[in-house]
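Single-letter residue listing:
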Amino acid sequence: MAQDYRVALIAIASNEGAYLAQFVFHHLRMGFAPIILITNNSEDDTAAMAARMAERLPDVHHLDGDPLREVFPLLDFQWRAYELAIYYIQSNRLQPDYVMALDVDEYWVPLTDDCSVSEYLNRHKGYDTYIFNWIIPFEDSANFSHSIVSEIKGVTLRPAKTIWRYGVRIKRANAHNVISEEIKREFVVSGATLFETRGRTVDHPERLGDGTVIHQMFRGMTEYVAMLLRGRPTDAMLFKTSTRDGYRSSFRNRKLIEVRIPVCVTKNWALEFGEWVNKIGLAEIIIASRLQVVARAERGLALYASLSEEERAPYANAFRFVDFDAVRAEIAELLADPDGRIARIP
C-alpha cells in the first residue's frame, strides 16, 4: 500500500527575488512540504517575497537568517542555517518523513512516471538516503528562463543532493549530504560510486537513473555576471569564484545527454506558474528583483573593468567565456523593453 511521504525542503535565499517564486511553486507542485525558506544578506525583496508566500501558503515558512551571520563564520553559515530549519521543524511539530536541502537554482525532478516526491519514494521504499546527481541544462541561456521542460539536454556532474530520513542524529554534514551512524541504506540514483565525503560521486555519471536535480548553474550571461557579484563567499572577495569555472564551462569537452521529464511534471507548468504568481500577488516583486539582477550585472561589469590586471587575477577564471559586449547588449535590450522579458512571467 502506498504511503503518503512528507518531505521537508530547506532553502537558503540571498538576493533570489527573481527566482524564489518559481522554486517554491515547482517544489510545492512536486509535493514537498513543509518548505522552509531562510533569507539573508539581500539587497532585493527576497525576504518580502518569502514572507508573503509564508503568509498565504500554509506549507511555506520563512525564517530570518541574518542574525546567524552575526554569530557564525560565513563558512559555517550554510549548515547552521539548516540546523535552524531543522530545529524549527522539530519545535513546530511539522513531522516530515524525510528532509532535503536545495539551493534556489536547483530543482528536483523524477525521470519516471512519478508525479510527486512521495510517489518516487514509494517506488524505492526502505532507504535512509536518496542521492541525486546534478544535471546542468544546456538550453537555459535566455535570461530569466526556466528548465521545467519535457526534454533536457545537459551534462551530468559529480556533485549530488540528498533526501535523508528525518530524525537521524547527524554527525557531520555538507551542502550535499549528511553523515550519520544511523544511516544504513543509501540509494545512489545514478548508480555511480560515492566519494568518501558522500557529497559527490567519484566520476561524472554516464546516466542519471530515475531522478535528478536540475542545477541552473549558468542561466543567461547577464544573470551569470550578476550572480558572480551576488554570491561573495567572504568579505575579502569581490566576486564568487569557488564554484564557477567560466560561463557555461561545463559544456566544453563534455558530451551532452538527454533526459525526459514526465508529462505530469511539465504539463501547463508555465501557465499555472503565472496564474499562481498573480493569485498570491508576487508579480511586482519578481519584476523589481529582475531589474535588480540587471543592475547588479551592470555593477559587476563596471567593477571588473575597474580592476588592474593583478587585481583581476583571482576572478579571471570565473569570467572566462563571458562576452562583455554581449552582456552590455543584453542589458540594453532588457532595459529598453521593461514590459518584455523582465515583465513576462515566467
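Higher on the page you've got the structure.
It should be emphasised that the depicted structure is a prediction, and the values quoted were computed from it without experimental measurement.

Visitor: Please set out the pattern of salt bridges residue by residue, giving values where relevant.
Guide: Under the criterion given, the structure shown has 14 salt bridges. Between Arg-299 and Glu-43 there is a salt bridge; the shortest N-O distance is 3.1 Å. A residue pair is termed long-range when its members are at least 10 positions apart, and Arg-299 in helix H9 (residues 283-306) and Glu-43 in the loop between strand S2 (32-39) and helix H2 (46-56) qualify at 256 residues. What makes Arg-299 partly exposed here is its relative accessible area of 39%.

Visitor: Describe in detail the side chain of Asn-177, supporting the description with residues and values.
Guide: With respect to the secondary-structure elements, Asn-177 resides in the loop between strand S8 (172-173) and strand S9 (178-179). Owing to a relative accessible area of 2%, Asn-177 belongs among the buried residues under this scheme. Separated by 2.7 Å, the side chain of Asn-177 and the backbone oxygen of Arg-198 make a polar contact. Filtering out sequence-adjacent residues up to four positions away, Asn-177 remains in contact with Thr-129, Ile-131, Thr-162, Arg-198 and Gly-199.

Visitor: Can you tell me about the packing of aromatic side chains, naming the residues and giving the values?
Guide: In this structure the tally under the stated criterion is 28 aromatic pairs. Consider the rings of Tyr-127 and Tyr-130, whose centres lie 5.7 Å apart with planes at 75°: the pair is edge-to-face. Accessibility classification places Tyr-127 together with Tyr-130 in one group, the buried group. With 6.2 Å between their ring centres and 75° between their planes, Phe-239 and Tyr-304 make a pair best called edge-to-face. One end of the pair, Phe-239, is in the loop between helix H6 (221-230) and strand S12 (257-260); the other, Tyr-304, is in helix H9, and 65 residues separate them in sequence. Look at Tyr-304 and you get buried, because its relative accessible area is 9%. An aromatic cluster of at least three residues, connected via ring pairs, comprises Tyr-5, Tyr-98, Tyr-127, Tyr-130 and Phe-187. The ring of Tyr-19 has Arg-219 sitting right over it, with the charged end atom 3.8 Å from the ring centre.

Visitor: Explain the side chain of Thr-201 residue by residue, including any values.
Guide: Within the fold, Thr-201 resides in the loop between strand S10 (186-188) and strand S11 (211-215). Polar contacts involving the side chain of Thr-201 include one to the side chain of Asn-133, which spans 3.2 Å. Within the structure, Thr-201 has its side chain in polar contact with the backbone oxygen of Asp-203 (distance 2.8 Å). For Thr-201, the contacting residues outside a window of four places in its chain are Asn-133, Arg-158, Val-188, Ser-190, Ala-192, Thr-193, Leu-194 and Phe-195.

Basis of the calculations
- Residues numbered from 1 in each chain as written.
- Predicted model: local features only at pLDDT ≥ 70, side-chain atom pairs only at ≥ 80, totals over all residues.
- Heavy atoms only, no water.
- Salt bridge = Lys/Arg side-chain N within 4 Å of Asp/Glu carboxyl O.
- Helix = DSSP H or I, 4+ residues; strand = E, 2+ residues; numbered from the N terminus.
- Buried < 20%, exposed > 50% of the residue type's maximum accessible area, 1.4 Å probe, protein only.
- Polar contact = N/O pair within 3.5 Å; in protein donor to acceptor, adjacent residues only side chain to side chain.
- Contact = heavy atoms within 4.5 Å.
- Phe/Tyr/Trp six-rings, centres within 6.5 Å; stacked < 30°, edge-to-face > 60°.
- Lys NZ or Arg CZ within 6 Å of the ring centre and 35° of its normal.

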